[in-house]
Amino acid sequence: MARLIRPEQAKQLRFLLDQPEEVLIEFCKLAIEYINSGINEKKCTIAAKKLSTTYETVRGALEALVALLIDSTKLALSEREFHTVVQAALEAINEKQTEILWQFITSKRTLVDNVLRASCQDELYFRDLEWRIEGRIASRTIRSQATPVIRMKFHLDTECVSEYRDKLHPGPMDHGPEAEATRQPPTRREVLAETDPAMLQHMIQVLEQALLEARTRRVRNYVKPTPS
């Protein structure tokens, strides 16, 4: 089961669970306002005075509620999965409070999903990779074995297109090394990085684990096909 609520987040949400249900509903409304236009410091200050607590406590509870909404939308949890995860992480929650949170999440899931997709429009997509290994073949001044360095150049692009488009539809002046050197679309970016063999092996393991998780049902339910 997904780790939906972190310990610090659970501590902040317990403040809301100790309040009347009407307070929880009002915080759900503030959470929507938070997503649309940011934190409303005036309303948070008023709420802190009414609940006899600090502004930081109110803001922390509100941010934990927003995180719960966003993470639930990302994971595309079913009602049964949500109830199981929430009741396991928040021992003090009752059925009515769980139902309020579930109604809050389902009613605004489309809104959050649209916001998340809009925020990813400038996301960089992988296009190509260049790499080389650098190291000393031999040296009398070094008694220990030298660790080789792997240098990598990542070619990224904010435009998600077919990697073969440039080859299939070349421009009239896109031939030759000079044209290749001067042609750099504004959407593209190059990132240089270097690492050692041990870290490279760790990176490979993390990427392989991510690929395995990408095949799970929960991820497939969240990732929707988009028109090309």
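Up top is the structure these notes are about.
Note that the structure is a prediction, hence the values are computed from the model and not measured.

With that settled, consider the overall build of the protein chain. When you go through the protein chain residue by residue, the secondary structure sums to eleven helices and three strands. Along its sequence from the N terminus, the protein chain presents helices and strands in the succession α-α-α-α-α-α-α-β-β-α-α-β-α-α. With 228 residues in all, the protein chain has 26% of them scored as buried. Taking contacts inside the protein chain between residues at least 6 apart in sequence as the whole, the part at least 24 apart equals 75%. In the structure as shown, the protein chain presents an accessible area of about 16100 Å², 54% of it carried by carbon and sulfur atoms.

Applying the stated criterion across every chain, the model contains eleven salt bridges. In this structure, Arg132 and Glu134 form a salt bridge, with 2.8 Å as the shortest nitrogen-oxygen distance. With a relative accessible area of 52%, Arg132 lands in the exposed category. What makes Glu134 partly exposed here is its relative accessible area of 26%. Via salt bridges that share partners, Arg132, Glu134, Arg151 and Glu194 belong to a single interconnected network.

All right, on to the side chain of Gln19 then. Topologically, Gln19 is positioned in the loop between α1 (7–17) and α2 (21–37). Of note is the side chain of Gln19, whose polar atom sits 3.3 Å from the backbone oxygen of Phe15. With residues near it in sequence (within four places) discarded, Gln19 still touches Leu51 and Gln97.

A separate point is unusual backbone geometry. Negative phi values dominate among residues other than glycine, just as trans dominates among peptide bonds. Positive phi, close to 55°, is recorded for Ser52, a residue that is not glycine. In this fold, Ser52 is placed in the loop between α3 (41–50) and α4 (55–75).

Moving on: the nonpolar core. By size, the foremost hydrophobic cluster in this structure holds 37 residues, and its most contacted members are Leu65 and Leu68. The set of elements that each furnish at least two residues to this core consists of α1, α2, α3, α4, α5 (79–89) and α6 (95–107). No other element matches α4, which puts eight residues into this core. Residues within four places of Leu68 in sequence aside, it is in contact with Leu4, Ile5, Gln9, Leu13, Phe82, Leu101 and Ile105.

Looking now at the packing of aromatic side chains. Note on aromatic pairs: each is described by the distance of the centres and the angle between the planes. Enumeration according to the criterion identifies one aromatic pair in this entry. Ring geometry for Phe82 and Trp102: centres 5.3 Å apart, planes at 40°, overall tilted. Placement of the pair is Phe82 in helix α5 and Trp102 in helix α6, with a sequence separation of 20 residues. Residues Phe82 and Trp102 agree in their burial class; the two are buried.

Taking 1.5 Å as the rise per residue, helix α10 (residues 197–214) with 18 residues should run 26 Å; its terminal C-alpha atoms sit 26 Å apart, in good agreement. Capping the start of α10, Asp196 holds a side-chain oxygen 3.1 Å from the backbone nitrogen of Ala198, two or three residues further along.

Reading guide: rules and limits
Residues numbered from 1 in each chain as written. Predicted model: local features only at pLDDT ≥ 70, side-chain atom pairs only at ≥ 80, totals over all residues. Heavy atoms only, no water. Helix = DSSP H or I, 4+ residues; strand = E, 2+ residues; numbered from the N terminus. Buried < 20%, exposed > 50% of the residue type's maximum accessible area, 1.4 Å probe, protein only. Contact = heavy atoms within 4.5 Å. Areas by Shrake-Rupley, 256 points an atom, 1.4 Å probe, with all protein chains shown as cover. Salt bridge = Lys/Arg side-chain N within 4 Å of Asp/Glu carboxyl O. Polar contact = N/O pair within 3.5 Å; in protein donor to acceptor, adjacent residues only side chain to side chain. Core = buried A, V, L, I, M, F, W, Y, C linked by side-chain atoms within 4.5 Å. Phe/Tyr/Trp six-rings, centres within 6.5 Å; stacked < 30°, edge-to-face > 60°. Expected span 1.5 Å × (residues − 1).

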